[in-house]
Amino acid sequence: MIELRNLSKKYDHFLAVDNLNLTIETGEFFGLLGPNGAGKTTTIGMLSTLLLPTEGEVLIDGEKLNRQNNQLKRKLSVVTQEYSMRQDMTMDEVMEYQGRLYYMPLKKIRERSEELLEFCGLIDFRKRTVRKLSGGMKRKLMVCRALLTEPEILLLDEPTAGMDALARRQMWNLLKQLNQQKLTILLTTHYMEEAETLCDRVGFMCDGVLEETDAPRSMIEMLGRYTVDEVCPGGMKNHYFHRKEEAIQFLSDCPQETSLRSTTLEDVFLEKVGRQLERK
(Lines give C-alpha, C1' and ligand atoms only; values in the text may rest on other atoms or scores of the structure.)
Protein backbone atom coordinates (compact mmCIF):
# COMPACT_ATOMS: atom_id res chain seq x y z
CA MET A 1 0.00 0.00 0.00
CA ILE A 2 1.17 3.53 -0.87
CA GLU A 3 0.35 6.40 1.48
CA LEU A 4 1.08 10.03 0.67
CA ARG A 5 0.72 12.18 3.78
CA ASN A 6 0.62 15.98 3.53
CA LEU A 7 3.05 15.77 0.63
CA SER A 8 4.24 19.12 -0.75
CA LYS A 9 6.98 20.25 -3.12
CA LYS A 10 7.99 23.89 -3.42
CA TYR A 11 10.46 25.47 -5.86
CA ASP A 12 11.37 28.92 -4.54
CA HIS A 13 7.96 30.65 -4.57
CA PHE A 14 6.21 28.06 -6.76
CA LEU A 15 4.19 25.32 -5.03
CA ALA A 16 4.21 22.37 -7.47
CA VAL A 17 2.40 19.92 -5.14
CA ASP A 18 0.24 21.23 -2.33
CA ASN A 19 -0.52 19.08 0.73
CA LEU A 20 -1.28 15.88 -1.17
CA ASN A 21 -3.00 13.12 0.80
CA LEU A 22 -3.68 9.86 -1.02
CA THR A 23 -3.82 6.13 -0.31
CA ILE A 24 -3.37 3.57 -3.09
CA GLU A 25 -4.22 0.02 -2.09
CA THR A 26 -2.05 -3.00 -2.90
CA GLY A 27 -2.94 -4.31 -6.36
CA GLU A 28 -4.84 -1.16 -7.32
CA PHE A 29 -4.49 0.52 -10.72
CA PHE A 30 -4.64 4.25 -9.96
CA GLY A 31 -4.62 7.08 -12.50
CA LEU A 32 -3.41 10.60 -11.71
CA LEU A 33 -4.92 13.01 -14.23
CA GLY A 34 -4.47 16.71 -14.80
CA PRO A 35 -3.35 19.40 -17.25
CA ASN A 36 0.29 20.26 -17.90
CA GLY A 37 1.84 21.74 -14.77
CA ALA A 38 -0.70 20.11 -12.44
CA GLY A 39 2.01 18.39 -10.36
CA LYS A 40 1.68 14.82 -11.66
CA THR A 41 5.31 14.31 -12.71
CA THR A 42 6.53 16.03 -9.52
CA THR A 43 4.46 13.54 -7.50
CA ILE A 44 6.02 10.63 -9.41
CA GLY A 45 9.45 12.17 -8.79
CA MET A 46 8.87 12.23 -5.03
CA LEU A 47 7.54 8.66 -5.05
CA SER A 48 10.65 7.48 -6.89
CA THR A 49 12.87 9.50 -4.47
CA LEU A 50 14.33 11.40 -7.43
CA LEU A 51 12.84 14.49 -5.77
CA LEU A 52 12.73 15.16 -2.04
CA PRO A 53 9.47 16.56 -0.63
CA THR A 54 9.50 19.99 0.96
CA GLU A 55 6.99 18.71 3.51
CA GLY A 56 5.16 15.46 4.21
CA GLU A 57 6.11 11.85 3.69
CA VAL A 58 5.60 8.75 1.57
CA LEU A 59 4.93 5.39 3.24
CA ILE A 60 5.15 2.01 1.54
CA ASP A 61 3.39 -0.73 3.48
CA GLY A 62 3.59 1.50 6.56
CA GLU A 63 7.33 2.17 6.27
CA LYS A 64 8.69 5.64 5.50
CA LEU A 65 10.33 5.91 2.09
CA ASN A 66 13.67 7.72 1.77
CA ARG A 67 16.78 7.55 -0.39
CA GLN A 68 18.75 5.56 2.16
CA ASN A 69 16.24 2.71 2.44
CA ASN A 70 17.39 0.63 -0.54
CA GLN A 71 15.36 -2.41 0.43
CA LEU A 72 12.14 -0.40 0.40
CA LYS A 73 13.10 1.46 -2.79
CA ARG A 74 13.41 -1.88 -4.60
CA LYS A 75 9.68 -2.37 -4.15
CA LEU A 76 9.18 0.47 -6.66
CA SER A 77 10.15 0.87 -10.27
CA VAL A 78 9.49 3.80 -12.58
CA VAL A 79 8.96 4.33 -16.31
CA THR A 80 9.66 7.97 -17.15
CA GLN A 81 8.25 10.16 -19.92
CA GLU A 82 11.63 10.43 -21.62
CA TYR A 83 13.46 7.57 -23.31
CA SER A 84 16.38 6.87 -20.97
CA MET A 85 18.32 4.12 -22.73
CA ARG A 86 21.59 4.20 -24.64
CA GLN A 87 20.87 4.20 -28.35
CA ASP A 88 23.75 1.84 -29.23
CA MET A 89 22.67 -0.93 -26.83
CA THR A 90 20.64 -3.97 -27.82
CA MET A 91 17.62 -5.04 -25.76
CA ASP A 92 19.68 -7.76 -24.09
CA GLU A 93 22.38 -5.24 -23.19
CA VAL A 94 19.84 -2.77 -21.78
CA MET A 95 18.40 -5.49 -19.56
CA GLU A 96 21.80 -6.78 -18.44
CA TYR A 97 23.02 -3.28 -17.62
CA GLN A 98 19.93 -2.66 -15.49
CA GLY A 99 20.33 -5.97 -13.66
CA ARG A 100 23.98 -5.30 -12.86
CA LEU A 101 23.05 -1.93 -11.35
CA TYR A 102 20.99 -3.90 -8.83
CA TYR A 103 23.68 -6.57 -8.32
CA MET A 104 21.50 -9.32 -9.77
CA PRO A 105 23.27 -12.61 -10.67
CA LEU A 106 23.89 -12.85 -14.42
CA LYS A 107 21.93 -16.09 -14.69
CA LYS A 108 18.93 -14.45 -13.03
CA ILE A 109 19.20 -11.40 -15.33
CA ARG A 110 19.15 -13.58 -18.43
CA GLU A 111 16.30 -15.77 -17.23
CA ARG A 112 14.19 -12.77 -16.23
CA SER A 113 15.03 -10.89 -19.46
CA GLU A 114 13.95 -13.86 -21.56
CA GLU A 115 10.68 -14.08 -19.65
CA LEU A 116 9.90 -10.35 -19.87
CA LEU A 117 10.86 -9.86 -23.52
CA GLU A 118 8.68 -12.83 -24.41
CA PHE A 119 5.81 -11.49 -22.29
CA CYS A 120 6.01 -8.07 -23.99
CA GLY A 121 6.29 -9.49 -27.51
CA LEU A 122 9.86 -8.24 -28.00
CA ILE A 123 11.81 -11.50 -28.00
CA ASP A 124 12.30 -11.55 -31.79
CA PHE A 125 13.92 -8.09 -31.68
CA ARG A 126 16.28 -8.63 -28.76
CA LYS A 127 19.45 -8.15 -30.85
CA ARG A 128 18.21 -4.89 -32.38
CA THR A 129 19.76 -1.68 -31.03
CA VAL A 130 17.54 0.88 -29.31
CA ARG A 131 17.97 3.46 -32.11
CA LYS A 132 16.37 0.99 -34.55
CA LEU A 133 13.28 0.36 -32.41
CA SER A 134 9.89 1.95 -33.00
CA GLY A 135 8.50 4.27 -30.33
CA GLY A 136 6.13 1.56 -29.11
CA MET A 137 8.95 -0.97 -28.83
CA LYS A 138 11.04 1.49 -26.83
CA ARG A 139 8.18 2.04 -24.38
CA LYS A 140 7.68 -1.70 -23.98
CA LEU A 141 11.41 -2.18 -23.40
CA MET A 142 11.32 0.48 -20.68
CA VAL A 143 8.51 -1.47 -19.00
CA CYS A 144 10.56 -4.68 -19.28
CA ARG A 145 13.56 -2.93 -17.74
CA ALA A 146 11.42 -1.58 -14.90
CA LEU A 147 10.03 -5.06 -14.16
CA LEU A 148 13.41 -6.80 -14.17
CA THR A 149 13.91 -6.46 -10.41
CA GLU A 150 10.39 -7.82 -9.70
CA PRO A 151 8.99 -4.65 -8.08
CA GLU A 152 5.68 -4.60 -6.25
CA ILE A 153 4.80 -1.09 -7.44
CA LEU A 154 5.13 0.31 -10.96
CA LEU A 155 5.12 4.08 -11.51
CA LEU A 156 4.24 5.09 -15.06
CA ASP A 157 4.64 8.72 -16.14
CA GLU A 158 2.72 9.09 -19.43
CA PRO A 159 3.91 5.71 -20.78
CA THR A 160 1.98 5.96 -24.07
CA ALA A 161 2.91 9.55 -24.97
CA GLY A 162 3.69 9.77 -28.68
CA MET A 163 2.48 6.24 -29.46
CA ASP A 164 0.24 5.51 -32.42
CA ALA A 165 -3.21 4.03 -31.77
CA LEU A 166 -2.16 0.40 -32.28
CA ALA A 167 0.94 0.63 -30.08
CA ARG A 168 -1.12 2.37 -27.39
CA ARG A 169 -3.69 -0.44 -27.35
CA GLN A 170 -0.90 -3.01 -27.14
CA MET A 171 0.51 -1.17 -24.13
CA TRP A 172 -2.94 -1.11 -22.52
CA ASN A 173 -3.22 -4.88 -22.88
CA LEU A 174 0.25 -5.31 -21.37
CA LEU A 175 -0.58 -3.09 -18.38
CA LYS A 176 -3.88 -4.90 -17.80
CA GLN A 177 -2.04 -8.23 -17.67
CA LEU A 178 0.52 -6.86 -15.21
CA ASN A 179 -2.21 -5.50 -12.94
CA GLN A 180 -4.01 -8.86 -13.05
CA GLN A 181 -0.83 -10.31 -11.54
CA LYS A 182 -1.45 -8.04 -8.49
CA LEU A 183 1.14 -5.42 -9.45
CA THR A 184 0.20 -2.03 -7.98
CA ILE A 185 0.29 0.61 -10.72
CA LEU A 186 0.26 4.39 -10.53
CA LEU A 187 -0.28 5.97 -13.95
CA THR A 188 -0.15 9.59 -15.07
CA THR A 189 -1.69 10.29 -18.47
CA HIS A 190 -3.34 12.95 -20.60
CA TYR A 191 -5.43 10.31 -22.37
CA MET A 192 -8.79 10.13 -20.58
CA GLU A 193 -9.87 7.05 -22.54
CA GLU A 194 -6.71 5.33 -21.29
CA ALA A 195 -7.52 6.11 -17.66
CA GLU A 196 -11.18 5.12 -18.08
CA THR A 197 -10.19 1.79 -19.64
CA LEU A 198 -7.38 0.83 -17.27
CA CYS A 199 -7.86 2.40 -13.86
CA ASP A 200 -9.79 1.14 -10.84
CA ARG A 201 -9.74 4.68 -9.49
CA VAL A 202 -8.54 8.07 -10.71
CA GLY A 203 -7.67 11.40 -9.13
CA PHE A 204 -7.86 14.86 -10.71
CA MET A 205 -5.02 17.28 -10.00
CA CYS A 206 -5.02 20.99 -10.74
CA ASP A 207 -2.36 23.51 -9.67
CA GLY A 208 -0.73 20.95 -7.38
CA VAL A 209 -3.95 20.14 -5.52
CA LEU A 210 -5.70 16.76 -5.64
CA GLU A 211 -9.30 17.75 -6.36
CA GLU A 212 -11.22 14.47 -6.34
CA THR A 213 -10.72 10.70 -6.42
CA ASP A 214 -13.18 7.98 -7.37
CA ALA A 215 -13.78 5.12 -9.79
CA PRO A 216 -14.21 6.39 -13.39
CA ARG A 217 -17.64 4.79 -13.67
CA SER A 218 -18.80 6.41 -10.44
CA MET A 219 -17.66 9.83 -11.64
CA ILE A 220 -19.52 9.34 -14.92
CA GLU A 221 -22.67 8.20 -13.11
CA MET A 222 -22.53 11.27 -10.89
CA LEU A 223 -22.37 13.62 -13.89
CA GLY A 224 -24.93 11.67 -15.94
CA ARG A 225 -24.53 8.60 -18.15
CA TYR A 226 -25.95 10.26 -21.28
CA THR A 227 -24.62 13.33 -23.05
CA VAL A 228 -26.39 15.45 -25.63
CA ASP A 229 -24.03 17.59 -27.69
CA GLU A 230 -25.76 20.74 -28.92
CA VAL A 231 -24.28 22.75 -31.78
CA CYS A 232 -24.63 26.41 -30.78
CA PRO A 233 -23.48 29.60 -32.56
CA GLY A 234 -20.72 30.01 -29.96
CA GLY A 235 -19.59 26.38 -30.17
CA MET A 236 -20.54 22.99 -28.78
CA LYS A 237 -22.58 22.82 -25.58
CA ASN A 238 -22.90 19.62 -23.55
CA HIS A 239 -25.95 18.55 -21.57
CA TYR A 240 -25.81 15.60 -19.17
CA PHE A 241 -28.67 13.32 -18.14
CA HIS A 242 -29.02 10.41 -15.74
CA ARG A 243 -31.87 8.82 -17.68
CA LYS A 244 -31.89 8.07 -21.40
CA GLU A 245 -35.54 9.10 -21.67
CA GLU A 246 -34.68 12.58 -20.41
CA ALA A 247 -31.88 12.89 -22.98
CA ILE A 248 -34.17 11.79 -25.82
CA GLN A 249 -36.82 14.27 -24.73
CA PHE A 250 -34.24 17.07 -24.77
CA LEU A 251 -33.21 15.97 -28.28
CA SER A 252 -36.81 16.17 -29.44
CA ASP A 253 -37.39 19.62 -27.96
CA CYS A 254 -34.09 21.25 -28.94
CA PRO A 255 -34.24 23.40 -32.10
CA GLN A 256 -30.46 23.19 -32.62
CA GLU A 257 -28.51 20.34 -34.21
CA THR A 258 -27.90 17.72 -31.50
CA SER A 259 -26.48 14.23 -31.02
CA LEU A 260 -26.73 11.65 -28.22
CA ARG A 261 -23.79 9.65 -26.85
CA SER A 262 -22.50 8.00 -23.69
CA THR A 263 -20.72 10.25 -21.20
CA THR A 264 -16.98 9.66 -20.87
CA LEU A 265 -14.33 10.37 -18.25
CA GLU A 266 -13.11 13.19 -20.49
CA ASP A 267 -16.48 14.90 -20.03
CA VAL A 268 -16.10 14.60 -16.25
CA PHE A 269 -12.56 15.97 -16.40
CA LEU A 270 -13.60 18.96 -18.51
CA GLU A 271 -16.48 19.73 -16.15
CA LYS A 272 -14.40 19.36 -12.97
CA VAL A 273 -10.99 20.71 -14.02
CA GLY A 274 -11.60 22.41 -17.35
CA ARG A 275 -14.05 24.89 -15.81
CA GLN A 276 -11.42 25.88 -13.22
CA LEU A 277 -8.86 26.54 -15.93
CA GLU A 278 -11.34 28.60 -17.96
CA ARG A 279 -12.01 30.88 -14.99
CA LYS A 280 -8.34 31.88 -14.66
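The rules behind each value
Residues numbered from 1 in each chain as written. Predicted model: local features only at pLDDT ≥ 70, side-chain atom pairs only at ≥ 80, totals over all residues. Heavy atoms only, no water. Helix = DSSP H or I, 4+ residues; strand = E, 2+ residues; numbered from the N terminus. Buried < 20%, exposed > 50% of the residue type's maximum accessible area, 1.4 Å probe, protein only. Lys, Arg positive; Asp, Glu negative; His and termini not counted. Salt bridge = Lys/Arg side-chain N within 4 Å of Asp/Glu carboxyl O. Contact = heavy atoms within 4.5 Å. Pairing = 2+ DSSP bridges. Axes fitted to C-alpha atoms, helices over the stretch in contact; angles between N-to-C directions. Patch = residues over 30% accessible without salt bridge, like charges linked within 9 Å, V, L, I, M, F, W, Y side chains within 5 Å. Areas by Shrake-Rupley, 256 points an atom, 1.4 Å probe, with all protein chains shown as cover. Parallel < 35°, antiparallel > 145°, perpendicular 65-115°, else oblique. Left-handed = near helix turned anticlockwise from the far one by under 90°. Nonpolar A, V, L, I, M, F, W, Y, C, P; charged D, E, K, R; others polar. Expected span 1.5 Å × (residues − 1). Arc of directions from axis to C-beta.

A. Expanded view of the side chain of K138. If you trace the backbone, K138 turns up in helix α5 (residues 135-147). No salt bridge is formed by the buried K138. Its closest oppositely charged neighbour is D88, at 12 Å. Sequence-distant contacts of K138, defined by excluding residues within four places in its chain, comprise Y83, M85, Q87, V130 and L133.

B. Inspection of the sheet that holds strand β3 (residues 29-33) at higher detail. Strand order in the open sheet formed by six strands is β6-β7-β8-β3-β9-β10, with mixed pairing between adjacent strands. Of all strands in the sheet, those with a lone pairing partner are β6 (76-79) and β10 (209-214), marking the two edges. In this sheet, neighbouring strand axes are inclined to one another by 15° on average, regardless of whether the strands run parallel or antiparallel. Across the sheet, helix α8 (residues 216-223) is in contact with β9 (201-206) and β10; its angle to β10 comes to roughly 90°.

C. Spotlight on a nonpolar patch on the surface. Nonpolar side chains collect at one region of the surface, where Y97, L101 and Y102 lie side by side and expose about 300 Å² of accessible area between them. Mapped onto the secondary structure, L101 falls in helix α3 (residues 91-101). Classification of L101 by relative accessible area gives partly exposed; the value is 46%.

D. Representation of unusual backbone geometry. Positive phi is not limited to glycine here, since T49 has a value of about 70°. Within the element layout of this structure, T49 appears in the loop between α1 (40-47) and β4 (55-60). Look at T49 and you get buried, because its relative accessible area is 9%. Even without being glycine, D207 reaches a positive phi, approximately 55°. For D207, the position within the fold is in the loop between β9 and β10. Residue classification places D207 among the partly exposed positions, given a relative accessible area of 44%.

E. The packing of α3 against helix α4 (residues 106-119), seen in detail. Two numbers describe how α3 lies on α4: the axes approach to 10 Å, and their chain directions differ by 130°. Relative to α4, the element α3 lies oblique. The handedness of the crossing between α3 and α4 comes out as right-handed. Contacts between α3 and α4 pair M91, D92, M95, E96, G99 and R100 from the former with L106, I109, R110, S113, L116 and L117 from the latter. Among the residues making up the contact of α3 with α4, the classes are represented as six nonpolar, two polar and four charged.

F. How the structure looks around α4. For α4, which comprises 14 residues, the first-to-last C-alpha distance of 20 Å matches the rise-based estimate of 20 Å (1.5 Å per residue) to within 8%. By the burial criterion, the buried members of α4 are I109, R112, S113, L116 and L117. End-on, the buried residues of α4 take up no more than an arc of 125°, which puts them together on one face. Residues K107 and R110 are exposed on α4 and point more than 90 degrees away from its buried face.

Keep in mind these values describe shape, not function.
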